[in-house]
Amino acid sequence: MYKYILKRILLMIPTIVGAAVIVFFLLRAIPGDVCELRMAGSGLYADPEAIKICQQNLGIDQPLYIQFFDFVWGFMTFDLGESMWTGKSITEEIGLRFELSLQVAIMATLTATVIAIPLGTISAIKQDTWVDYVVRIFSIAGIAMPSFWLGILIILGLLIATQKVTGTPWMPPIEYTPIWVDPFANLSQLVWPAMATGYRYSAVATRMTRSALLEVLREDYVRTARAKGLFEKLIINRHALKNAMLPVTTVIGLEFAFLMGGLVVTEQVFNLNGLGKLFVESVLNSDYTVTQSLVMLVAVVFILTNFVIDILYAWLDPRIRYA
Amino acid sequence: MAVSEITVEEVAAERNEPSHRRALRDWICRKPLGAAGAFVVLFFIFLAAVAELITVYDPVANSFESMHVPPGAAHWFGTDQFGRDILTRIIFGARTALLVGFLASVVGSTLGLVLGVTSAYFGGRFDLIFQRIMDVFMSFPLIIMALAVVSIFGTGIQNVILAITIPFIPRCARVVRSSALAVREIPYVDAARTLGFVHTRIILRHMVPNVMAPYLIMLTTFMGQAILLEASLSYLGLGVQEPTPAWGLMLQGGAEEYAESAPWIPIFPGLAITTAVFAFNLFGDALRDTLDPRLRSE
Amino acid sequence: MKAMRWKTVIALALIAVFAIFAAGSASAAPKKGGVLKFVVGSKIPSYDAHVETTFGMIHPIRPFYSLLIRVNPNNPSSPTDFVCDVCEGSIPTPTEESTKYTFKIRDNIWFHDGQKLTAADVKATYDKIISPPKGVVSARKAFYTMVESVTAPDKNTLVFKLKYPSGAFVPALASPFNFIYRKADLDKHGYTWHKKNVNGTGAFRFVQHKPGAFVEGKRYAKYHHKGKPYLDGFRAISAPKMSIRLQAIRGGRASIEFRGFPPKARDDLKKALGGKLKVQESDWNCNLMITPNSKRAPFNDARVRRALTLAVDRWGGSKYLSRIAIVKTVGGIVFPKHPFAATKAELQKIAGYWPDINKSRAEAKRLLKAAGVDLSKTYIFNNRGVDQPYRVVGTWLIDQWRKVGLKFKQEVKPSPAFYDSLRKKKDWHVSIDFNCQSVINPLVDVSKFLSNDVSGSQHAQYQDRTMDKLYDQMNREADPAKQREIMRKYEKRALDTMAHQFVTLWWYKINPHRSDVKGWKIAPSHYLNQSLDQVWLDQ
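Residues numbered from 1 in each chain as written. Chains lettered and ligands numbered in written order. Predicted model: local features only at pLDDT ≥ 70, side-chain atom pairs only at ≥ 80, totals over all residues. Heavy atoms only, no water.

Here we look at the overall build of chain B
When helices and strands are counted, chain B shows 14 helices and zero strands. Listed N to C, the secondary structure of chain B is α-α-α-α-α-α-α-α-α-α-α-α-α-α in terms of helices and strands. Projected onto its principal axes, the C-alpha positions of chain B cover 75 × 55 × 30 Å. By the burial criterion, 60% of the 298 residues in chain B qualify as buried. With the model as given, the accessible surface of chain B reaches about 12200 Å², and the carbon-plus-sulfur share is 68%. When the 21 positive and 24 negative side-chain charges of chain B are each reduced to one mean point, those points stand 11 Å apart. (Helix = DSSP H or I, 4+ residues; strand = E, 2+ residues; numbered from the N terminus. Buried < 20%, exposed > 50% of the residue type's maximum accessible area, 1.4 Å probe, protein only. Areas by Shrake-Rupley, 256 points an atom, 1.4 Å probe, with all protein chains shown as cover. Lys, Arg positive; Asp, Glu negative; His and termini not counted. Charge placed at Lys NZ, Arg CZ, Asp CG, Glu CD.)

Let's talk about the overall build of chain A
Per the secondary structure count, chain A includes 14 helices and zero strands. Reading chain A from its N end, one meets helices and strands in the order α-α-α-α-α-α-α-α-α-α-α-α-α-α. Taken across its 323 residues, chain A has 57% of its residues classed as buried. Within chain A, contacts between residues at least 6 apart in sequence are counted, and of these 72% link residues at least 24 apart. (Contact = heavy atoms within 4.5 Å.)

Comments concerning the interface of chain C and chain B
Of the residues lining the interface, 28 residues belong to chain C; the matching set on chain B comes to 26 residues. For the chain C and chain B pair, buried surface summed over both sides reaches about 2400 Å², with 53% attributable to carbon and sulfur atoms. On inspection of chain C and its partner chain B, the count reaches three salt bridges. The interface formed by chain C and chain B includes 14 residue pairs in polar contact (both at pLDDT 80 or more). Elements represented by at least two residues in the side of chain C that touches chain B include exactly α7 (242-250), α8 (263-273), α13 (387-402) and β14 (407-413) of chain C. At nine residues, the largest contribution of residues to the side of chain C that touches chain B is made by α13 of chain C. (Buried area = accessible area lost by both parts, 1.4 Å probe. Salt bridge = Lys/Arg side-chain N within 4 Å of Asp/Glu carboxyl O. Polar contact = N/O pair within 3.5 Å; in protein donor to acceptor, adjacent residues only side chain to side chain.)

Some points on the sheet that holds strand β4 (residues 100-104) of chain C
All names here are of chain C. As summarised here, the arrangement of the three strands in space is β4-β6-β5, forming an open sheet in which the pairing is antiparallel. Every other strand in the sheet has two partners, leaving β4 and β5 (147-154) as the edge strands with one partner each. Neighbour to neighbour, the strand axes of the sheet diverge by 15° on average, direction disregarded. Contacting β5 and β6 (157-162), helix α3 (residues 119-130) crosses the sheet at an angle of about 165° to β5. (Pairing = 2+ DSSP bridges. Axes fitted to C-alpha atoms, helices over the stretch in contact; angles between N-to-C directions.)

So, the domain arrangement of chain A
Residue and element names in this part refer to chain A. Examined at the domain level, chain A breaks down into domain 1 (2-76) and domain 2 (93-316). Put simply, the middle of domain 1 and the middle of domain 2, counted by C-alpha atoms, are 32 Å apart. Taken together, the contact pairs 22 residues of domain 1 with 15 residues of domain 2. In total, about 1700 Å² of surface goes out of reach between domain 1 and domain 2, with carbon and sulfur atoms giving 79% of it. For the pair domain 1 and domain 2, the interface holds zero salt bridges. (Domains from an automatic or database assignment.)

Digging into the environment of Ser66 of chain B
All names here are of chain B. Note that Ser66 resides in the loop between α4 (51-54) and α5 (86-122). Relative accessible area serves as the criterion here: at 13%, Ser66 is assigned to the buried category. If near-sequence neighbours (up to four positions away) are discounted, Ser66 is found in contact with His75, Thr79 and Gly83.

Here we look at the side chain of Thr309 of chain C
Residue and element names in this part refer to chain C. Turning to its location among the elements, Thr309 is positioned in helix α9 (residues 302-310). With relative accessibility at 1%, the residue Thr309 sits in the buried group. Within the structure, Thr309 has its side chain in polar contact with the side chain of Arg314 (distance 3.0 Å). Residues contacting Thr309, with those up to four places away along its chain left out, are Arg314, Ala351, Gly352, Leu495 and Phe502.

Concerning the pairing of strand β9 (residues 233-238) of chain C
Residues and elements named next belong to chain C. The element β9 is extensively covered by neighbouring structure, given that six of its six residues are classed as buried. Because side chains alternate across β9, one face comprises the buried residues Gly233, Arg235 and Ile237, and the other comprises Phe234, Ala236 and Ser238, equally buried. Two elements, strand β1 (residues 35-40) and β9, share six bridges in a ladder whose sense is parallel. Bridging across to β9, Phe38 finds its partner in Ala236. When strand β8 (residues 214-219) meets β9, the two strands line up antiparallel, connected through five bridges. In the strand pairing of β9, Lys218 is matched with Gly233.

Things to note about the side chain of Ser147 of chain A
With respect to the helices and strands, the residue Ser147 of chain A is situated in helix α7 (residues 147-166). Non-local contacts of Ser147 of chain A, meaning those with residues more than four positions away in its chain, are made with Ala196 and Thr266 of chain A.

Regarding the interface of chain A and chain C
Facing 50 residues of chain A, the contacting portion of chain C comprises 60 residues. Counting each side, the surface lost to burial between chain A and chain C is near 4600 Å², with a carbon and sulfur contribution of 56%. Where chain A touches chain C, the interface holds three salt bridges. With its nearest N and O atoms 3.5 Å apart, the salt bridge here joins Lys37 of chain C to Glu175 of chain A. If you look at where chain A meets chain C, you find 14 residue pairs in polar contact (both at pLDDT 80 or more). Of all elements in the fold, only α2 (34-39), α3 (48-58), α5 (90-125), α7, α11 (266-270) and α12 (275-284) of chain A reach the threshold of two or more residues within the side of chain A that touches chain C. Per element, the largest residue contribution to the side of chain A that touches chain C is six residues, and it comes from α3 of chain A.

A closer look at the pattern of salt bridges
Residue and element names in this part refer to chain C. Following the criterion strictly, the structure yields 52 salt bridges over all chains and no others. The partner of Arg266 in a salt bridge is Asp267, and the shortest N-O contact between them spans 3.0 Å. Between Asp433 and Lys448 there is a salt bridge, with its nearest N and O atoms 3.1 Å apart. One end of the pair, Asp433, is in strand β15 (residues 430-436); the other, Lys448, is in the loop between α15 (442-445) and α16 (452-455), and 15 residues separate them in sequence. Comparing Asp433 with Lys448 shows no difference in burial state: the two are buried.

With respect to α5 of chain A
End to end, α5 of chain A covers 50 Å across 36 residues, agreeing with the expected 52 Å (1.5 Å per residue, within 8%). Helix geometry: α5 of chain A is bent most strongly at Phe98 of chain A, by close to 30°. (Expected span 1.5 Å × (residues − 1). Bend = angle between axes of the 7 residues up to and from the residue.)

Comments concerning the packing of aromatic side chains
Residue and element names in this part refer to chain B. Counted according to the given criterion, the structure contains 48 aromatic pairs over all chains. Pairing Trp27 with Phe283 gives two aromatic rings, centres 6.2 Å apart and planes at 80°, and the pair type is edge-to-face. Here the residue Trp27 occupies a position in helix α2 (residues 19-30), and Phe283 occupies one in helix α14 (residues 264-291), the gap between them amounting to 256 residues. Exposure remark for Trp27: the relative accessible area of 12% places this residue in the buried category. (Phe/Tyr/Trp six-rings, centres within 6.5 Å; stacked < 30°, edge-to-face > 60°.)

Some points on the nonpolar core
Grouped together as the largest cluster of nonpolar side chains are 297 residues, with contacts concentrated most on Trp247 of chain B together with Leu36, Leu321, Trp401, Phe408, Phe449 and Tyr490 of chain C. By residue number, the principal contributor to this core is α5 of chain B, which donates 14 residues. Residues contacting Leu321 of chain C, with those up to four places away along its chain left out, are Phe64 of chain B together with Gly316, Val327, Val392, Val393, Trp396 and Leu505 of chain C. With 38 residues, the next largest nonpolar core counts Ala119, Leu158, Phe169 and Val439 of chain C among its residues. (Core = buried A, V, L, I, M, F, W, Y, C linked by side-chain atoms within 4.5 Å.)

The following block contains the structure:
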């Protein structure tokens, strides 16, 4: 087992290095840079000398390999540097948004789990009945609907409904308040995006629960339990569901990691100051340092999640270790 | 299950009916949802193919006399801020969506198929290195990868297709590879190898046909995803550009700004996206159930 | 000299008109208190206004600082009415053949850190702007080429010595980007300290800035304009999407937005909020330009470029496009409300402004045919990935050109990539370009039409020495009537005869806001009149 873990850790290194190389050169291949954006903003006269000084100050006139080593060295020493656009420290920039993204991710995961596990279970037990069809249609619709469109509809619905009922339109707050400062303001802002993403997410999890459970229900030990005359409920709860949980947890875990960095579009709709919005803004501003750090963060979280899942599987199923 | 299939074919043969037609009918009865999905997909393909024949308005020409017209007899789905008929733009938009969906998923999963099978076939160090490269690409979320590609190569339909295709490749390659690993162990592949066939021939003749199931499953999943990704990119302003009719583009800008007074502008294109992706997924699910024996319903 | 006198006359006339107007409307005395919430559509780069060019920095940071002179906050729509901010009295009349300006600096100004402001601080600020040390960026250095020296002979006196008389000098001083910094801060902390730190003399003190979320300011009790500011504080909330900004005003999450909304959005808000909404509108000192690539066939042919402008129905666009975009006013190369701007009759003689669009398009088609343009080809149109008004106008233009048979593909790029294409790559046939200035200063603003080696901001890549000569002549001319005449020639040559580059429509600024926001007057630029010291809430 230790040997397997060690091997897996060693295998993570080239992946992370590869990710660093790719993100670095992808960004440099995007035309234009942050200095031009800064100086040419009003369309009149952009002083070429000012642009040059700005580039020098940011170090983006240096040869690529030097910039690359700076980036790798900074990343290894946990010194992410400063944003090229705001000049603020990246740790601060990311930390500020992390809180919000984490909360939305947790809320969406809760929503998804609460919906997905009972629905998936019912759907599997009542396979090929109308219940199953309804659940499947509900969950496929969740995957098919762009969550940003759902977000637009939610905001629109709220504005129109509140105007009809109370006479004054109400929209969710556009500023983030931490939950310990004002839980009501916090929730009234974040519940809506959590719903919009949670629905899509629950759809994925429902499908996984259903198919995992179906597979387990066909296993020998469940047949044995049935043959022993155990109650169906007990079989599902005690035996089947427990064993089906592993792939379901995997999906939930991966989706969670994805949500942390992946609310790219939904955050735009709700004006959430999260990591996804920061990512889009920094790509559009050619803010190399922030984009690099964010992408590496997401990549590392992904790689680590995968690592944990692999170890978990290997631990549960000894055959994998020796494969 | 395998037994029942043989029976179906035998029965069909006995009745002298073409077996594939019989199988199709049988499939429709067993998978009504999947069949419905396939029907809707075919319907969208039909719309896209004959768009010019069934529409009366020009999908791109501005018409300032009819800005923001609500749905009615003249414009069933209303008009947008440039006075263009929304139904017409949805029908022409189907062309964009299907083009992106088919091209990105077919190219992406086929490249994935080739790479996955090759990697599994050669195994060893080649496989190890190859897997690490795939890991790297997999570690970026789809939308982030697509955003980067579009930022580099610029917007427009070809680049959007490229941006969506690239992240699909490793995802398909990984799934295909794990199936192919099992196929490699089957004796006839060994036999082929000892007979001295060239690698290409073994890969194409013996390995590829055996991993068609996961390949087709990935392919159909990707179609829906590609349409959604295209919509997301266009919504961020990095996808297909005006005046090309495209569903995601129709949800962006004015559609959102004027949503309260002209809700038909964002509602109908959103419905079109949802319906199309929904149909692709229904069909894909049914296909998965049919092709993947472990999930096949009894 | 004559130019100055002429401008003063206009200014005085405008002030008189305003005074009458103000006397009639100033019935309610400003109330104190309240926090103004407003939404900002762009991101804050650094806090150093000498370096930055975006309104995303001006709106939230400007209230922390003062300027030497500013646009009259009671009459911001006038292009020529400037008043003192940290200086005392009225704008000085130049002496020594209009080359020496002596400002009296107020004696009652303290920085937020408690230190007193002197003329030395203002001098240090202008030295940083006009002649920054090596390695320090100053974005608008080029506006002050006429300045020979800045001196502070004593604590309350500041002297600008010019190399030659220039009508462009005073408007340049009123630039909202010229925040007054403290000399000791520059000496002690260096020239980059102000990127991340705030120490000004403005009406509000900096409280906090959460990147991507908001900037908060609170009332500065020792502000030098007595009795102001009225507000207890302000909160500038970041909201990059226009739909969010609109809904924020509608749903009461913010009271105002200072950039501008299209008319359709105004009407929607009005319908929803009724009497709770007030709307202010103004012409806007910004325009989008059509820039043909004169080095690339077929646009190296003046006939083809003329066809481009002839195909665009500006009068029609002003009527219809203006409903969904923040553009409206038909104008030439000069800000339409400026005395130098062409009148309607003068405009209608220029190609692309003819009253009969059918005749204009027929001529366009004839020219395209005569030039042998391949109409089956699709040409590339470079545009910027900003919705209002860039993409909306772009989509409109493509449709206009389609009407004479020219096919364009729109390539929309994120801002840095767009600049890269526009300025360096030139991988387009026609591009959008824009000219968006703060203080109205036609003599500087029209430099965009000079030869590319002279202008530095002309991206159509033409060289036309006649244009350069006319421009010089105009700048050296003292008589405004004659200046205006030369401006007409310059305009005609650029837009019509040589068809170098074209103006589409001028922007039109519409600021719908909650009616309890009082004391804020719309200016012809979203950069101007943002010190917020006059604003109060009627609650």
